[in-house]
Amino acid sequence: MRHYKTILFLLATVMLLSGCGKAESEYSTWACRFAYDNPNGDHVLASALGGTPGVFCLITETTQRGQKCLFFESNLGIKSDKPIPETAEEVQAKFILGLNNGIIVGFQALVTEPNRGFVAYDVQCPNCVRRENNTINPNYRVTMDSKAIATCSKCGKTYDMNNGGIITNGAEGDTGLAKYVAVTDGQHISVFTR
């Protein structure tokens, strides 16, 4: 039964990929591929997948004691990590967590359309990446606060994650956070480049 649900979820993801329209330009072209099954409910990730507006989760890949792990941190300050299963399926589907090992997922508070509130952002400040012309190894991470504001650790620009990642204190020509296509059913998550 579990595989049946996973197949249905993946089909829904493929259908999103085949969509077209104006919304395509709002998504980043930076490489990102993340599919994760959270049936045992990592509490930090589950808090961002559960549909509660304004709760976001940073996802990164780390190594602890020689074991690859996924690290989760919510904008409410709660942290956890889970070992990545070393199955053939996991090895084949390597994670690409955005531009430099980090994506942020959650439900926006300012969206009224059903199923449009779930978003995924890159953790890198797009304006520093562009200004420094560094997409190879950027280190311009944003940090999140409990009000769902992301702040660049380098330039200090702020982004409203509850409102499409728009920049709140930028200059002319600055852009909001880079977004990826994201879908969830509350247990499974899929984030990818369109």
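Refer to the structure printed above.
Calculation criteria
Residues numbered from 1 in each chain as written. Predicted model: local features only at pLDDT ≥ 70, side-chain atom pairs only at ≥ 80, totals over all residues. Heavy atoms only, no water. Pairing = 2+ DSSP bridges. Helix = DSSP H or I, 4+ residues; strand = E, 2+ residues; numbered from the N terminus. Salt bridge = Lys/Arg side-chain N within 4 Å of Asp/Glu carboxyl O. Buried < 20%, exposed > 50% of the residue type's maximum accessible area, 1.4 Å probe, protein only. Axes fitted to C-alpha atoms, helices over the stretch in contact; angles between N-to-C directions. Phe/Tyr/Trp six-rings, centres within 6.5 Å; stacked < 30°, edge-to-face > 60°.

**Notes on the sheet that holds strand β9 (residues 158–160)**
In step 1: One open sheet accounts for 4 strands, arranged β7-β8-β9-β10; its pairing is antiparallel. Taken across any chain shown, the strands that pair with only one partner, and hence form the sheet edges, are β7 (142–144) and β10 (166–167).
In step 2: Pairing analysis gives 3 bridges linking strand β8 (residues 149–152) to β9, with the strands arranged antiparallel. Residue pairing in the sheet places Ile-149 in a bridge with Asp-160 of β9.

**Side note on the pattern of salt bridges**
Side chains that differ in charge, positive against negative, can pair when their charged atoms come close.
In step 1: Using the criterion set out here, one finds 4 salt bridges in the structure.
In step 2: Notably, a salt bridge pairs Arg-130 with Asp-174, separated by 3.9 Å at the nearest N-O pair. Of this pair, Arg-130 sits in helix α4 (residues 126–132) while Asp-174 sits in the loop between β10 and β11 (179–184), and the two are 44 residues apart along the sequence.
In step 3: Relative accessible area serves as the criterion here: at 45%, Arg-130 is assigned to the partly exposed category.
In step 4: In this structure Asp-174 comes out as partly exposed when scored by relative accessible area, which is 21%.
In step 5: Asp-174 is the partner of Lys-157 in a salt bridge, and the nearest nitrogen-oxygen pair spans 3.3 Å. Of the two residues, Lys-157 sits in the loop between β8 and β9 while Asp-174 sits in the loop between β10 and β11, which places them 17 residues apart along the sequence.
In step 6: One connected set of salt bridges, linked through shared partners, spans Arg-130, Lys-157 and Asp-174.

**Considering the sheet that holds strand β12 (residues 188–192)**
The strands making up a sheet are joined through hydrogen bonds of the backbone, oriented either antiparallel or parallel.
In step 1: The strand order across the open sheet formed by 8 strands is β1-β12-β11-β6-β5-β2-β3-β4, and the pairing between neighbours is antiparallel. Looking at strand neighbours, the two that pair on one side only are β1 (33–37) and β4 (79–83), the edges of this open sheet. Averaged over all pairs of adjacent strands, the angle between their axes in this sheet comes to 25°, without regard to strand direction.

**Re the pairing of strand β5 (residues 103–107)**
In step 1: Where burial is concerned, most of β5 is hidden: 5 out of the 5 residues are buried.
In step 2: Of the two faces of β5, both are covered, the one formed by Ile-103, Val-105 and Phe-107 as well as the one formed by Ile-104 and Gly-106.
In step 3: With 4 bridges connecting them, strand β2 (residues 56–64) and β5 associate as antiparallel partners. Residue Leu-58 lies in a different strand from β5, and its bridge partner there is Ile-104.
In step 4: Where β5 meets strand β6 (residues 118–122), 5 bridges bridge the pair, whose relative direction is antiparallel. By the bridge assignment for β6, Phe-107 is matched with Phe-118.

**Focus: the packing of aromatic side chains**
In step 1: Applying the stated rule across the entire model yields 5 aromatic pairs.
In step 2: Judged by centre distance (5.9 Å) and plane angle (15°), the rings of Phe-34 and Tyr-36 are stacked. Neither Phe-34 nor Tyr-36 differs from the other in exposure class; each is buried.
In step 3: For the pair Phe-107 and Phe-118, a centre-to-centre distance of 5.1 Å together with 50° between the ring planes defines the contact as tilted. Here Phe-107 is found in strand β5, whereas its partner Phe-118 is found in strand β6, with 11 residues between them in sequence.
In step 4: Here the aromatic residues Phe-34, Tyr-36, Phe-72 and Phe-95 are joined through ring pairs into a cluster of three or more.

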